[in-house]
Every structure is written in C-alpha cells, then in structure tokens.
Amino acid sequence: MRTGSEPTTARSALRARFWLSVWGLAWAMFGVAVFVLVGRPGWAVACGALWLVIAVDFAVIVRHLRQGPHYQPGRDVPPYRPPD
C-alpha cells in the first residue's frame, strides 16, 4: 500500500539478487559435481534441487531486469487512503 512517505529515489535490489543468484548457481553446480564424484547421490539430488530453484529465481530476476522501470506515481499523486 502506498502511504506517500516512500523515498523518491528508491531502487530495487535486483542487481544484488542477480549476483547472489550467480554465486548460488556456481556453488550448486559445484556441489552436484562433487557429490556425484564422491558417490553421495542423495546430496547430489539435494544440490540439484537447489540448483533448479536458483535457476528459476535467476530467470525471474533477468526477466524483471529486462522489463525496466515501471510507472511510479509522482509527488502530485496523493497517497492512498488506508482501508477501514
């Protein structure tokens, strides 16, 4: 809900999430490879599932970054009234 007290220069943390996802993808791939080589299939599957979750999050982040900025109401738009 918009209260009117939001900063006018607020920025999203998408770039930070992007780099954290890259870091997570790298570690998940490393974990899958190591656990397959060591012969721990359960841990390899767990790292693979984590890899899948991170890859989906990565795709969502890239999609949001490519969409660009969205409309934000200016200072002349009054804040919404809170629901009663």
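The structure we're discussing is the one just above.
Conventions we followed
Residues numbered from 1 in each chain as written. Predicted model: local features only at pLDDT ≥ 70, side-chain atom pairs only at ≥ 80, totals over all residues. Heavy atoms only, no water. Helix = DSSP H or I, 4+ residues; strand = E, 2+ residues; numbered from the N terminus. Expected span 1.5 Å × (residues − 1). Buried < 20%, exposed > 50% of the residue type's maximum accessible area, 1.4 Å probe, protein only. Contact = heavy atoms within 4.5 Å. Patch = residues over 30% accessible without salt bridge, like charges linked within 9 Å, V, L, I, M, F, W, Y side chains within 5 Å. Areas by Shrake-Rupley, 256 points an atom, 1.4 Å probe, with all protein chains shown as cover. Salt bridge = Lys/Arg side-chain N within 4 Å of Asp/Glu carboxyl O.

With 27 residues, helix α2 (residues 41–67) extends 39 Å between its outermost C-alpha atoms, agreeing within 8% with the 39 Å of an ideal straight helix rising 1.5 Å per residue. Turning to α2, its buried residues number three or more, namely Ala44, Cys47, Ile54 and Ile61. Tucked into the core, α2 has its buried residues touching α1 (14–38).

Looking now at a nonpolar patch on the surface. A surface patch of nonpolar side chains, about 410 Å² in accessible area, is lined by Trp23, Trp27 and Phe30. Of note, tryptophan 23 is situated in helix α1.

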